[in-house]
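# Coordinate analysis (summary)
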Amino acid sequence: MSAKTPSHVDHQVGRRIRQARRAAKLTQGQLGDMIGLTFQQVQKYEKGVNRVSAGTLYDIAKVLDIPISWFFDEDEIGRHTSELQSPVPIS
């Protein structure tokens, strides 16, 4: 996988951004204005087209008043990241 290609985790974070934004009854434009982005950029994050930087995710979490950990489903992420890790032999 290329470093610039959004991963499964990026797509999940995007879905969670969308879910939280809708729960807060904000449009993509309103959220974008609150964090200094265009609605198009918010849209790309939500679709998982673009990766969200840690700083931007922090800003989104702060505006939406949710913990940053909420964007990550540990079980789902764990299934996909474990596929990337090779097993370490136990000596």
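Here the structure is a predicted model, which is why all the values come from computation and not from measurement. (Residues numbered from 1 in each chain as written. Predicted model: local features only at pLDDT ≥ 70, side-chain atom pairs only at ≥ 80, totals over all residues. Heavy atoms only, no water.)

## Considering the pattern of salt bridges
Taken as a whole, this structure holds three salt bridges when the rule is applied. Measuring nitrogen to oxygen at the nearest pair gives 2.6 Å for the salt bridge that ties Glu46 to Arg21. Of the two residues, Glu46 is situated in helix α3 (residues 39-47) and Arg21 in helix α1 (residues 8-23); the sequence distance between them amounts to 25 residues. Connected via shared salt-bridge partners are Arg18, Arg21 and Glu46. (Salt bridge = Lys/Arg side-chain N within 4 Å of Asp/Glu carboxyl O. Helix = DSSP H or I, 4+ residues; strand = E, 2+ residues; numbered from the N terminus.)

## Some words on the packing of helix α2 (residues 28-35) against α3
Contact geometry of α2 with α3 gives a least axis separation of 8 Å together with a crossing angle of 105°. As judged from the angle between their axes, α2 and α3 are roughly perpendicular. Residue-level contacts link Gln28, Gly29, Leu31 and Gly32 of α2 to Phe39, Val42, Gln43 and Glu46 of α3. When its residues are assigned to classes, the contact of α2 with α3 shows three nonpolar, four polar and one charged. (Axes fitted to C-alpha atoms, helices over the stretch in contact; angles between N-to-C directions. Parallel < 35°, antiparallel > 145°, perpendicular 65-115°, else oblique. Contact = heavy atoms within 4.5 Å. Nonpolar A, V, L, I, M, F, W, Y, C, P; charged D, E, K, R; others polar.)

## Some thoughts on the confidence of the model for the chain
Averaged over all residues, the pLDDT of the chain equals 84, while 77% of them reach at least 70. Residue range residues 80-89 is modelled with pLDDT below 50. Its contacts to residues more than four positions away, or to other chains, number one contact. (pLDDT = per-residue confidence, 0-100.)

## Digging into the packing of α1 against α3
The packing of two helices is summarised by the inter-axis angle and the distance between the axes. One way to put it is that α1 packs onto α3 with a least axis distance of 6 Å and a crossing angle of 120°. Between α1 and α3, the interaxial angle falls into the category oblique. Facing α1, whose interface residues are His11, Gly14, Arg15, Ile17, Arg18 and Arg21, α3 presents Tyr45, Glu46 and Lys47. Class assignment of the residues belonging to the contact of α1 with α3 gives a composition of two nonpolar, two polar and five charged.

## A few points about the environment of Ile68
You can see Ile68 is positioned in the loop between α4 (54-64) and α5 (74-82). Filtering out sequence-adjacent residues up to four positions away, Ile68 remains in contact with Ala54, Leu57, Tyr58 and Ala61.

## Quick word on the packing of aromatic side chains
In total, this model carries one aromatic pair according to the counting rule given. Their ring planes at 80° and their centres at 5.7 Å tell us that Trp70 and Phe71 sit as a pair that is edge-to-face. Phe71 gets classed as buried once you look at its relative accessible area, which sits at 0%. Above the plane of the ring of Trp70 lies Arg16, whose end atom (NZ or CZ) is 4.6 Å from the centre. (Phe/Tyr/Trp six-rings, centres within 6.5 Å; stacked < 30°, edge-to-face > 60°. Buried < 20%, exposed > 50% of the residue type's maximum accessible area, 1.4 Å probe, protein only. Lys NZ or Arg CZ within 6 Å of the ring centre and 35° of its normal.)

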